Amino acid sequence: MNEAIGESVATPPRLEWQVASVVSVTQETPRARTLVLAVPRWAGHRAGQHVDLRLVAEDGYQAQRSYSIASAPADGMVALTVERLDDGEVSPYLCDVVQPGDGVELRGPIGGYFVWEPAQRGPLFLVAGGSGIVPLMAMLRQRGRADVAARAQVPVRLLYSARTLDDVIYRAELEQLADASQAEVVLTLTRQAPPGWSGYHRRVDRTMLEAVSWPSSDEPNVYVCGPTSLVESVATLLVELGHAASRVRTERFGPTG
Amino acid sequence: MQTEELRLDGNAAGGVLRELFVQDMTAALGTCAGCGATGPVATLLEYGHGMGIVLRCPTCDTPVLRIVRTTGLLRVDLSGIRFLSIPSTIDE
Ligand SMILES: Cc1cc2nc3c(=O)[nH]c(=O)nc-3n(C[C@H](O)[C@H](O)[C@H](O)COP(=O)(O)OP(=O)(O)OC[C@H]3O[C@@H](n4cnc5c(N)ncnc54)[C@H](O)[C@@H]3O)c2cc1C
Ligand SMILES: [Zn+2]
């Protein structure tokens, strides 16, 4: 152990609320948009982590929600992607109202369980529902920055469930990853599919997971994220298929799309 | 809406847990005082209510950790945790 740096390594910075400013906004899909933020005190983050964001009304009423970080650690900025829930309290504000130059209060980065490090060898199997793609995208982006040899150590497959093709967040970027053979991307659409759609057109089920995931004997590291109902059913099925529960990491987003 | 759909997990409590413990707790292993099951804090089930949260054991539903925020106070009930083992970043 290096005694000179021992103390600073051992003591993480206290988690404090701060005001980040919105640098840019990008509409990803009709219902989701990405906010790029400049955060004054930011110690860097790990792929999979999130921030807590809070809105304070003039009368002092506060609403607090968590949002995953979409950008890779080395991207040098913090990007969040928020899906609009029509009857939600916070997401419509972030999707419709917030503009570049505005400030938002946040604290982060948060999380040490639902994180992926490039040093974790072995296949990476990602399962996303709706906005659950966000923290998984940070993992894909981080892996994409590694060199070819390092990437070969970590083959990656993504199974992504969205309502319609138009609701697929980061679609162009995912297509590029697939075209460049950097990742296998499998989409399933739960509502409308475009004419001629040859992909899956149903909720994620056991047969689909069996077809898309690596066998449990390959010991993939699995990350499942999205609406609570999807996360719980997928995690249960994967364990039934023989995957060790300790290698199936889950993050529930609640009642999101 | 069903309460199952509204439930979250210990990841969502990562922020407030850092108010208590400073370092990340979601990867810490907790042992349930109800049934003795051990698992990452992130895998506990989180239910929100009015002013706070309760984290329940996914195996036996025991409330493992309760946190309530009132003006100027964070009230914490840890009686459902028998044991916490926290990854150490000090001695590598
Ligand atoms: C760790 C973590 C990371 C997350 N990351 C992201 C992300 O990257 N992107 C993203 O878009 N979202 C993310 N979420 C979800 C996000 O935190 C919000 O939950 C989401 O944006 C909805 O917030 P809202 O205020 O708009 O909706 P809310 O006002 O919270 O309402 C959500 C839905 O629940 C219903 N509802 C609320 N309360 C009740 C009740 N008591 N009874 C019945 N129905 C109810 C509402 O009608 C609505 O449909 C994440 C969640 C977690 C826990
Ligand atoms: Zn228990």
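For the structure itself, look to the data block above.
Examining the sheet that holds strand β4 (residues 45-49) of chain B
All names here are of chain B. Pairing within the open sheet is antiparallel, and its five strands lie in the order β1-β4-β5-β6-β7. A single partner strand is all that each edge strand has here, and the edge strands are β1 (8-9) and β7 (73-77). Here five bridges tie strand β6 (residues 63-70) to β7, and the two strands are oriented antiparallel to one another. Bridging across to β7, Thr 70 finds its partner in Leu 73. Strands in contact with helix α2 (residues 14-21) are β5 (52-56), β6 and β7; relative to β6, the strand with the most contacts, it is inclined by about 80°.

Re the interface of chain B and chain A
Listed per partner, the contact involves 27 residues of chain B and 26 residues of chain A. Contact between chain B and chain A buries roughly 2,100 Å² in total, counting both sides, with carbon and sulfur atoms accounting for 53%. Taken as a group, Asn 11, Arg 18 and Val 22 of chain B account for 26% of the area that chain B buries against chain A, more than any other trio of residues on that side. Where chain B packs against chain A, one counts three salt bridges. Residues Arg 252 of chain A and Asp 9 of chain B are paired through a salt bridge, measuring 3.2 Å at the closest nitrogen-oxygen approach. Viewed at the interface, chain A and chain B are joined by 10 residue pairs in polar contact (both at pLDDT 80 or more). Of all the secondary-structure elements, those providing two or more residues to the side of chain B that touches chain A are α1 (3-6), β1 and α2 of chain B.

Some thoughts on the environment of Glu 58 of chain A
Residues and elements named next belong to chain A. Following the sequence through the fold, Glu 58 ends up in the loop between β3 (50-56) and β4 (62-68). Exposure remark for Glu 58: the relative accessible area of 89% places this residue in the exposed category. Distance from Glu 58 to Val 19, taken between C-alpha atoms, is 16 Å for residues 39 residues apart in sequence.

Thoughts on the site of ligand 1
Taken together, 25 residues form the shell around ligand 1, and within it Ser 66, Tyr 67, Asp 87, Val 90 and Ser 91 of chain A come nearest. Residues near ligand 1 are shared among chains A and B, making this a multi-chain site. The contact in question runs from an oxygen atom of ligand 1 to an N or O atom on the side chain of Tyr 67 of chain A, over 2.7 Å. Note that an oxygen atom of ligand 1 is positioned 2.9 Å from one of the backbone N or O atoms of Glu 89 of chain A.

Some words on the sheet that holds strand β8 (residues 81-85) of chain B
Residue and element names in this part refer to chain B. The strand order across the open sheet built from three strands is β3-β2-β8, with neighbouring strands paired in antiparallel fashion. Pairing within the sheet leaves two strands with one partner each, and these edge strands are β3 (38-40) and β8. In this sheet, adjacent strand axes meet at a mean angle of 25° when their direction is disregarded. Bridge count for strand β2 (residues 29-32) against β3 is three bridges, and the pairing is antiparallel. The residue of β3 that forms the bridge with Leu 29 is Pro 40.

About the criteria used
Residues numbered from 1 in each chain as written. Chains lettered and ligands numbered in written order. Predicted model: local features only at pLDDT ≥ 70, side-chain atom pairs only at ≥ 80, totals over all residues. Heavy atoms only, no water. Pairing = 2+ DSSP bridges. Helix = DSSP H or I, 4+ residues; strand = E, 2+ residues; numbered from the N terminus. Contact = heavy atoms within 4.5 Å. Axes fitted to C-alpha atoms, helices over the stretch in contact; angles between N-to-C directions. Buried area = accessible area lost by both parts, 1.4 Å probe. Salt bridge = Lys/Arg side-chain N within 4 Å of Asp/Glu carboxyl O. Polar contact = N/O pair within 3.5 Å; in protein donor to acceptor, adjacent residues only side chain to side chain. Buried < 20%, exposed > 50% of the residue type's maximum accessible area, 1.4 Å probe, protein only. Near = heavy atom within 4 Å.

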